[in-house]
Amino acid sequence: AVEPRGTGSSSSSAEALKHDILAFHDRQEDAFADLILHLSDGQAVLANCAIMEARLPALLSAAEPLGEADPALLLAEGDRPGRRCAGAVQQVRLHGVARSTLDAVLRWAYGEVVPSIEEVFVECGTTSVGSTSPLQEVFDVLEACGTYEIERLGALLREALLEALDVEHFAAVLRESHVRRIPGLKQGCMRFALHHFDELIDRPEVFVSPLQEL
């Protein structure tokens, strides 16, 4: 097959643009910010309204409008010289969305970034007692994908979870999939169990206790 002229350069340009826009978001720059998202815990997150409308329309529609804000508020958020925002700044309140979940879906909206499940599994072993585990945060994102119709991110996350799934984390993923009713993920866990039946039987301690909670 012959690649159409200009396709490669157009694709590279698009990837470069996504990378640059994501970098602005990750650095919390406000050059593109014209929206303040207020969370239930009092935190405020900057975003771009046009990107939200294009990439996360259901999430934006579910937010409670709070009216316009003084653009000078963005200066107060950052405490760095040279920060600026031209034009009106809208404010909305998001109910029931954690900061970690919002960060994940915004990184998807800006740069199509999918959380690394391998890194999540590593971090699970270092989580302190009483704190939210990184795996639970991933399932929070999956629930948000279902609620706010972020179908592509949800599909990629489910695929990544099943690809990275191992005996150590099988029970935790199966439990969360069952409790939260994540489409397709529980069935994938059961296929994993069939293919790794002998390993699971040899190590009942990794799954009996977590699954007793169901």
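What counts and how
- Residue numbers here run from 1 along each chain, matching the order of that chain's written sequence.
- Predicted model: local features are reported for residues with pLDDT of at least 70 only, side-chain atom pairs are reported and counted for 80 or more only, and whole-chain, interface and lining totals are derived from all residues.
- Hydrogens and water molecules were not included; the side-chain quantities draw on all heavy atoms of the structure.
- Numbering of helices and strands runs from the N terminus; a helix is a DSSP stretch of H or I covering at least four residues, while a strand is a stretch of E covering at least two.
- For every residue, the accessible area obtained with a 1.4 Å probe (protein chains only) is divided by the maximum for its type, and the residue is called buried under 20%, exposed over 50%, and partly exposed between those limits.
- Accessible areas in this description were obtained via Shrake-Rupley with a 1.4 Å probe; residue shielding takes into account the shown protein chains only.
- Two strands are said to pair when DSSP picks up at least two bridges between them.
- The axes are straight lines fitted to the C-alpha atoms, using for helices just the contacting stretch, and the angles between their N-to-C directions are given from 0 to 180°.
- It is the rotation of the near helix from the far one that decides the hand of a crossing: anticlockwise by less than a right angle makes it left-handed, clockwise makes it right-handed.
- Here, residues are in contact when the closest pair of their heavy atoms is within 4.5 Å.
- Any residue that is not Ala, Val, Leu, Ile, Met, Phe, Trp, Tyr, Cys, Pro, Asp, Glu, Lys or Arg is counted as polar, Gly included; the first ten are nonpolar and the last four charged.
- Among the buried residues, those of types Ala, Val, Leu, Ile, Met, Phe, Trp, Tyr and Cys that are joined through side-chain atoms within 4.5 Å form a nonpolar core.
- Comment on the angle field: the value is read as roughly parallel under 35 degrees, roughly antiparallel over 145, roughly perpendicular from 65 to 115, and oblique elsewhere.
- Stacked, tilted and edge-to-face are the three classes assigned to paired rings of Phe, Tyr and Trp, where Trp is represented by its six-membered ring and a pair needs centres within 6.5 Å; plane angles under 30 degrees give stacked, over 60 edge-to-face, the rest tilted.

Helices and strands together make up the secondary structure of the protein, namely 12 helices and four strands. Looking at the protein as a whole, 40% of its 214 residues are labelled buried. Here the protein displays about 12300 Å² of accessible surface, and carbon together with sulfur accounts for 52% of that area.

In this section: the pairing of strand β4 (residues 89-94). Strand direction decides the pairing type here: strand β1 (residues 35-39) and β4, joined by five bridges, are parallel. Following the sheet pairing, Leu 35 is matched in β4 by Gln 90. Across five bridges, strand β3 (residues 64-69) lies against β4 in antiparallel orientation. In the strand pairing of β4, Ala 69 is matched with Val 89.

This part takes up the packing of helix α5 (residues 99-111) against helix α7 (residues 134-147). Two numbers describe how α5 lies on α7: the axes approach to 9 Å, and their chain directions differ by 65°. The crossing of α5 and α7 is right-handed. Across the interface between the two elements, Ser 100, Thr 101, Ala 104 and Val 105 from α5 touch Glu 137, Asp 140, Val 141 and Ala 144 from α7. The class makeup of the residues in the contact of α5 with α7 is four nonpolar, two polar and two charged.

Here the focus is the nonpolar core. Ranked by size, the top nonpolar core spans 58 residues in total, and within it Leu 37, Met 52, Leu 102, Leu 106, Leu 161 and Phe 170 carry the most contacts. If we skip the residues at most four places from it in the chain, Leu 102 touches Leu 37, Leu 39, Val 45, Leu 59, Leu 94 and Val 97. In this structure, Ile 36, Leu 46, Ala 69 and Val 89 belong to the second largest nonpolar core, which totals five residues.

Looking at where Ala 47 falls in the secondary structure, it is placed in strand β2 (residues 44-47). Along the sequence, Ala 47 and Leu 35 sit 12 residues apart, while their C-alpha atoms lie 5.2 Å from each other.

Attention now moves to the side chain of Thr 101. With respect to the helices and strands, Thr 101 occurs in helix α5. The class for Thr 101 is buried, based on a relative accessible area of 5%. In this structure, Thr 101 is in contact with Asp 140, Val 141 and Ala 144, ignoring residues within four places of it in sequence.

To continue, consider the packing of helix α6 (residues 117-124) against helix α8 (residues 151-164). At a minimum axis distance of 9 Å, the contact between α6 and α8 shows a crossing angle of 60°. By the angle between their directions, the pair α6 and α8 is classed as oblique. Contacts between α6 and α8 involve Ile 117, Glu 118 and Phe 121 from the former and Leu 157, Ala 160, Leu 161 and Ala 164 from the latter. Its residues placed into classes, the contact of α6 with α8 shows six nonpolar, no polar and one charged.

This part is about unusual backbone geometry. Here the phi dihedral of Glu 112 falls at roughly 55°; this positive angle occurs in a residue that is not glycine. Assignment of secondary structure puts Glu 112 in the loop between α5 and α6.

What the four strands build is an open sheet, ordered β2-β1-β4-β3; its pairing is mixed. Of all the strands in the sheet, the pair left with one neighbour each is β2 and β3. Neighbour-to-neighbour, the strand axes of the sheet open up by a mean angle of 25°, direction not taken into account. Running at roughly 5° to β2, α5 makes contact with β1, β2 and β4 of the sheet.

Okay, the packing of aromatic side chains next. Both the distance between ring centres and the angle between the ring planes are used here to describe each pair of aromatic rings. Per the counting criterion, the structure on display carries one aromatic pair. Taking 5.7 Å as the distance between ring centres and 25° as the angle between the ring planes, the aromatic pair formed by Phe 170 and Phe 192 counts as stacked. Of the two residues, Phe 170 sits in helix α9 (residues 167-180) while Phe 192 sits in helix α10 (residues 185-195), which places them 22 residues apart along the sequence. Residue classification places Phe 170 among the buried positions, given a relative accessible area of 4%.

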